[in-house]
Amino acid sequence: MRKIWLKRAAGFLALSLVIVLVLWFAWPRPIAVDIARVNSGPMEVTVDDEAKTRVRHIYTVSAPVAGKVLRTSRHVGDQVIADETVVAIMQPTTPGFLDVRSREELQAAVAAAEAAVKVAEHEVHRIEAGLEFSRTELRRAQALAPTEAIPARALDKARLDVESNLAALGNAKAQLDVRRSERASVAARLIDPTSAATPANPACCIQIRAPVTGSVLKLIQESEAVVQAGAPLIEIGDPRDLEIAAELLSTDAVRIKPGSPVRIDGWGGPPIRGRVKRVDPAGFMKVSALGIEEQRVLTVIDFVDPPGAWDRLGHDYRVIVYVTIWSADNALTVPVSALFRKGDEWAVFAIKDGRARTTPIQIGRRNNRVAEVLSGVSAGDRVVLHPSDRVSDGVAVAERETR
């Protein structure tokens, strides 16, 4: 009888242990969550975007005439002095190649010009002979005139013939010069470009000097090439005179005012202070990296910190700007990751007595980290961050341990 009783007691204990274990495993455990507190402190709302630095005044040196620009000896970063440093040298271009037909036509034109020169030379000789004859006749008339052997009209006629022949001779010589110049002009068009020598006289070239004192920012035309008038050659500016150009979305630009403080970061050094100088009144369309058409507005930002804080920056350097559009010294804030929508309102899971309670709140301004709380929670309240679908109203929660 005693053995039977012991067996029953042992079975009862085993069954009780099993029941306790089942209840222990089945009992709901608190859900591990990340927890943050509602705090009071400074808060600011910013417009964040990529931007780039640029020299405030860039001077582009262009070719004044069409010609051949020689390879420059300047490099990016070289210092130049206004009206002293030669930044480019230009020479006349070599003549172009001639096809067979054009060459034959020019050779025929040279032959015709040579014949015209000979005709003009013969005309000069003819007029010179006539002039010599008229001068002889004038001397005879002058010798006979005192004896009245010839009438006075004959003496006047002899003088007229001399003057006429002198004028004709001058005209014939001028015509001869014209024909010779025409022959030289046609012959010059036959010059072969392979035999055209580079001018040795420096006076034939154009030396382009720096318009301002500064540094070379960009070599647009570095190698020797034939360029047209107005072709850009080199860019010059003062790298110490920097500003920042930010192309912001038009929806963000309308919230920015000139004079707004700016924090400049993401350039490889400590944050720098800046100030909005100008927001352009006109926007432009820009296609984003994802192929989306966006309306952008150019916003110019000046540095507030002394040059020693940003002297390592140069022209066209990438930076990230944070333009402040609103700030408060003592605002009640809650992390944005704790917010979720409940109907048309915002809400958070506030922790009370170890359980998550759905708490509607009213928020004001917000940035990418925190939101301003207008009502619903108080400073010091604990809220659940990144609530999952396992978290609901009244569920037990516990703070997740961090390693």
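Up top is the structure.
Residues numbered from 1 in each chain as written. Predicted model: local features only at pLDDT ≥ 70, side-chain atom pairs only at ≥ 80, totals over all residues. Heavy atoms only, no water.

**Regarding the sheet that holds strand S6 (residues 86-91)**
Part 1 of the reasoning: With antiparallel pairing, four strands are arranged side by side in an open sheet as S7-S6-S4-S9. Strands with a single pairing partner mark the edges of an open sheet, and in this sheet they are strand S7 (206-209) and strand S9 (225-227). Pairs of neighbouring strands in the sheet enclose a mean axial angle of 35 degrees, with direction left out of account.
Part 2 of the reasoning: Summarising the sheet, strand S4 (residues 67-69) and S9 pair through three bridges and their orientation is antiparallel. Bridge assignment links glycine 67 to a residue of S9, and that residue is valine 227. (Pairing = 2+ DSSP bridges. Helix = DSSP H or I, 4+ residues; strand = E, 2+ residues; numbered from the N terminus. Axes fitted to C-alpha atoms, helices over the stretch in contact; angles between N-to-C directions.)

**As for the environment of arginine 56**
Part 1 of the reasoning: Along the chain, the position of arginine 56 falls in the loop between strand S2 (39-55) and strand S3 (58-62).
Part 2 of the reasoning: For arginine 56, a relative accessible area of 27% translates into the label partly exposed.
Part 3 of the reasoning: Separated by 184 residues in the primary sequence, arginine 56 and arginine 240 place their C-alpha atoms 9.3 Å from one another.
Part 4 of the reasoning: Within polar-contact distance, the side chain of arginine 56 engages the side chain of aspartate 302 at 3.1 Å. (Buried < 20%, exposed > 50% of the residue type's maximum accessible area, 1.4 Å probe, protein only. Polar contact = N/O pair within 3.5 Å; in protein donor to acceptor, adjacent residues only side chain to side chain.)

**A word on the pattern of salt bridges**
Part 1 of the reasoning: Throughout the structure, instances matching the rule amount to 23 salt bridges.
Part 2 of the reasoning: Between arginine 318 and glutamate 50 there is a salt bridge; the shortest N-O distance is 3.1 Å. Taken together, the positions of arginine 318 in strand S15 (residues 318-335) and glutamate 50 in strand S2 put the pair 268 residues apart, joining distant regions of the chain.
Part 3 of the reasoning: Glutamate 123 is the salt-bridge partner of arginine 126, the closest N and O atoms lying 2.6 Å from each other. Residue arginine 126 and its partner glutamate 123 are both found in helix H2 (residues 100-144); the two are separated by three residues, about one turn of the helix.
Part 4 of the reasoning: We classify arginine 126 as exposed; its relative accessible area is 52%. (Salt bridge = Lys/Arg side-chain N within 4 Å of Asp/Glu carboxyl O.)

**Details of the packing of H2 against helix H3 (residues 152-188)**
Part 1 of the reasoning: Running from amino to carboxyl end, H2 crosses H3 at an angle of 165 degrees, the nearest separation of the two axes being 8 Å. With respect to each other, H2 and H3 are oriented roughly antiparallel. H2 and H3 meet at a crossing whose hand is left-handed.
Part 2 of the reasoning: Residue composition of the contact of H2 with H3, by class: 22 nonpolar, five polar and 13 charged. (Parallel < 35°, antiparallel > 145°, perpendicular 65-115°, else oblique. Left-handed = near helix turned anticlockwise from the far one by under 90°. Nonpolar A, V, L, I, M, F, W, Y, C, P; charged D, E, K, R; others polar.)

**So, the nonpolar core**
Part 1 of the reasoning: Residues Ile244, Ile264, Phe303, Leu313, Val319 and Val321 are the most contacted members of the largest nonpolar core, which totals 21 residues.
Part 2 of the reasoning: Broken down by element, this core gets its largest block of residues, four residues, from strand S11 (residues 242-249).
Part 3 of the reasoning: The contacts of leucine 313, once residues within four sequence positions are left out, are Thr53, Leu242, Trp267, Ile272, Phe303 and Val319.
Part 4 of the reasoning: The next biggest cluster of nonpolar side chains, apart from the first, holds 17 residues, and it includes Ile208, Val227, Ala231 and Ile234. (Core = buried A, V, L, I, M, F, W, Y, C linked by side-chain atoms within 4.5 Å. Contact = heavy atoms within 4.5 Å.)

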